[in-house]
Amino acid sequence: MTRFRLPLRLAVSLIVLLGVITASALLAPPLASAASYPNYGQRNAAVWSLQKKLVEAGVLRADRRTGYFGTHTRSAVKTIQKRSRLAATGKLDAPTARAVDKAVAAMTGPRTWYHRETIGTSAEGRKIVAYRAGQPGKPVVVVTATMHGEEDFGQYVVRGLMEGKPITGVDLWLVPVLNPDGLAKDRRWLDHRVDLNRNFPNRFVVRANSGPKAASAKETRAVMSFLDRVQPRYLVSWHQPLYGVDSYRVKDKALMKRLSAGLALPVKSLNCHGSCHGTMTGWYNANHAGAAITVEYGAKARSMKRMKGKDADAVLAAVGGRRG
Ligand SMILES: [Zn+2]
């Protein structure tokens, strides 16, 4: 019997240790310990995640999320501190970190969606998530963003549709991030420098960033099977920074005009500098009854309030939806 005692005690201590580690991980504040608070002049992952929160809190413009803690970030932190009646030092500490989290929560409205599903996983195992809002039985509409990972403004329009007053008149599917690996790494590409928007099986041409063959990327296949399944009447795909609503080979001109007017973006022929091969919208338009269209924000981000509010509602109106 005694020979089992030691391994058993070891096992018990290990379980206790694991429990302590798990509990402390769960209890850790979102912005970690004081030692790891980002500081002015630094460029690192902690600055990056602080800036993401400041952007979402509406105090830092989205194009100023650079990973570098400079004057814009410092004044955004000061804004939060003033609002929370803390000393406006521009420096992170525990009360400021809590105030940042509170400010993000205050900018997040009640959710409109009632269903969430993973439509695929990225090359690195991140989930590609779709949210369903609106009314089943109404015309199906899909709005997507961030298929190029560094183009992260459009996801806030999509999130605007995921929040606020309930949506009616459309059966809305929302995919804020098509390329989660790209977003996590602030890069355009999927794995192996493949451009998701050159990998679809429509007018596919092998180029440096097309992938070796059409639909070679997991993400492309995930998006294809999702769109084949839900068959949207309208598919609106957000990019940046070309600042316009695309008229190149446009399938539904009326939709194009409604988006252009509602979003105050000019109609433009965005012909990918002559290389619109293997694009998602091209593939969708060629193989489905519905109409897909590209919308591009500019290089300078609009305010969070505008993207999540007025612009999200302009898209909703353009595709035949309403609030409430
Ligand atoms: Zn793009």
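Up top is the structure.
Predicted, not measured: the structure shown is a model, and the values here were computed from it.

### Re the overall build of the chain
Right, on to step 1. Helix and strand content of the chain: 10 helices and 10 strands.
Right, on to step 2. Split into buried and exposed, the 324 residues of the chain put 44% on the buried side.
Right, on to step 3. Considering only contacts within the chain whose residues lie at least 6 apart along the sequence, 67% involve residues at least 24 apart.

### Examining the pairing of strand S2 (residues 127-134)
Right, on to step 1. Of the strand pairs in this sheet, strand S1 (residues 115-121) and S2 are connected by 6 bridges, and their pairing is antiparallel. For Thr-121, the partnering residue across the bridge sits in S2 and is Lys-127.
Right, on to step 2. Between S1 and the antiparallel strand that follows it, S2, lie 5 residues; Gly-125 among them carries a positive phi value of about 90°.

### Topic: the sheet that holds strand S9 (residues 291-296)
Right, on to step 1. An order of S1-S2-S5-S3-S6-S9-S7-S8 is seen for the 8 strands of this open sheet, with the pairing classed as mixed. The open sheet terminates on both sides in strands that have one partner only, identified here as S1 and strand S8 (267-268).
Right, on to step 2. Where helix H7 (residues 218-230) meets the sheet, its contacts fall on S1, S2, strand S3 (140-144), strand S5 (171-175) and strand S6 (234-239), and the angle it forms with S1 comes to roughly 140°.
Right, on to step 3. Running at roughly 160° to S9, helix H9 (residues 280-287) makes contact with S6 and S9 of the sheet.

### Some details on the packing of helix H8 (residues 253-263) against helix H10 (residues 304-318)
Right, on to step 1. Interaxial distance between H8 and H10 falls to 9 Å at its minimum, and their mutual angle equals 155°. Between H8 and H10, the interaxial angle falls into the category roughly antiparallel. Here H8 runs over H10; the crossing is right-handed. Across the interface between the two elements, Leu-255, Arg-258, Leu-259, Gly-262 and Leu-263 of H8 pack against Asp-311, Ala-314, Val-315, Ala-317 and Ala-318 of H10.
Right, on to step 2. For the contact of H8 with H10, the per-class residue count stands at 7 nonpolar, 1 polar and 2 charged.

### Concerning helix H5 (residues 154-161)
What sets the pattern is the α-helix's 3.6 residues per turn: residues three or four places apart point alike.
Right, on to step 1. Buried residues dominate H5, accounting for 8 of its 8 residues.
Right, on to step 2. Against the buried residues of H5 lie S2, S3, strand S4 (167-168), S5, S6 and H10.

### So, the environment of Asn-271
Right, on to step 1. Residue position: Asn-271 is located in the loop between S8 and H9.
Right, on to step 2. Setting aside anything within four residues of it in sequence, one finds Asn-271 in contact with Tyr-248 and Cys-276.

### Focus: the packing of helix H3 (residues 71-83) against helix H4 (residues 94-106)
Right, on to step 1. At a minimum axis distance of 9 Å, the contact between H3 and H4 shows a crossing angle of 85°. For the element pair H3 / H4, the angle class is roughly perpendicular. Facing Val-77, Ile-80 and Gln-81 of H3, the residues of H4 in contact are Thr-96, Ala-99, Val-100 and Ala-103.
Right, on to step 2. Taken together, the residues of the contact of H3 with H4 sort by class into 5 nonpolar, 2 polar and no charged.

### Let's talk about the pairing of S3
Every regular strand shows the same layout, with side chains that alternate between the two sheet faces.
Right, on to step 1. With 5 of 5 residues buried, S3 is to be regarded as a mostly interior element.
Right, on to step 2. Taking every second residue as pointing to the same face, both faces of S3 are buried, with Val-140, Val-142 and Thr-144 on one and Val-141 and Val-143 on the other.
Right, on to step 3. Bridging between S3 and S6 involves 4 bridges; their strand directions are parallel. Paired with Val-143 across the bridge in S6 is Val-236.

### Topic: the nonpolar core
Right, on to step 1. Ranked by internal contacts, the top residues of the largest apolar core, which has 82 residues, are Leu-161, Leu-174, Leu-259, Ile-293 and Val-315.
Right, on to step 2. Looking at this core element by element, the count peaks at 7 residues for H10.
Right, on to step 3. In this structure, this core is formed jointly by two domains, domain 1 (34-106) and domain 2 (115-323), each of which donates at least three residues.
Right, on to step 4. In this structure Leu-259 touches Val-245, Ile-293, Val-295, Val-315 and Ala-318, once residues within four positions along its chain are discounted.

### Comments concerning H3
Right, on to step 1. In this model H3 runs 18 Å from its N-terminal to its C-terminal C-alpha over 13 residues, within 8% of the 18 Å that 1.5 Å per residue would give.
Right, on to step 2. Turning to H3, its buried residues are Thr-73, Ala-76, Val-77, Ile-80 and Gln-81. Along the long axis of H3, the arc covered by the buried residues comes to 140°, so they all point the same way. Turned more than 90 degrees away from the buried face of H3, the exposed residues are Thr-71 and Lys-82.
Right, on to step 3. In the segment just after H3, Arg-85 is the residue with positive phi, at about 55°.

What counts and how
- Numbers given to residues run from 1 along each chain, matching the order in which its sequence is written.
- For a predicted model such as this one, the threshold for reporting local features is a pLDDT of at least 70, and the threshold for listing and counting side-chain atom pairs is 80 or more; totals across whole chains, interfaces and linings nevertheless cover every residue.
- In this description a helix means any DSSP run of H or I spanning at least four residues, a strand means any run of E spanning at least two, and both kinds are numbered starting from the N terminus.
- Think of it as a crowd count around each C-beta: if 20 or more other C-beta atoms lie within 10 Å the residue is buried, if 12 or fewer it is exposed, and in between it is partly exposed, with C-beta placed from the backbone throughout.
- What counts as a contact is two residues whose backbone-derived C-beta atoms lie within 7 Å of each other.
- Whether two strands pair comes down to DSSP finding at least two bridges between them.
- Think of each axis as a best-fit line through the C-alpha atoms, taken over the contacting stretch in the case of a helix, with angles from 0 to 180 degrees between the N-to-C directions.
- Any angle that is under 35 degrees is reported as roughly parallel, and any over 145 degrees as roughly antiparallel; angles of 65 to 115 degrees are reported as roughly perpendicular and all others as oblique.
- Left-handed describes a crossing whose near helix is turned anticlockwise from the far helix by less than a right angle; the clockwise case is right-handed.
- Gly is placed with the polar residues, together with every amino acid not listed as nonpolar (Ala, Val, Leu, Ile, Met, Phe, Trp, Tyr, Cys and Pro) or charged (Asp, Glu, Lys and Arg).
- A set of buried residues drawn from Ala, Val, Leu, Ile, Met, Phe, Trp, Tyr and Cys, joined through C-beta atoms within 7 Å, is what defines a nonpolar core.
- By convention here, the domain bounds are inherited from an automatic or database domain assignment.
- Expected helix span is taken as 1.5 Å per residue step, with the number of steps being one fewer than the number of residues.
- To obtain the arc, one takes the directions from the helix axis to the C-beta atoms.

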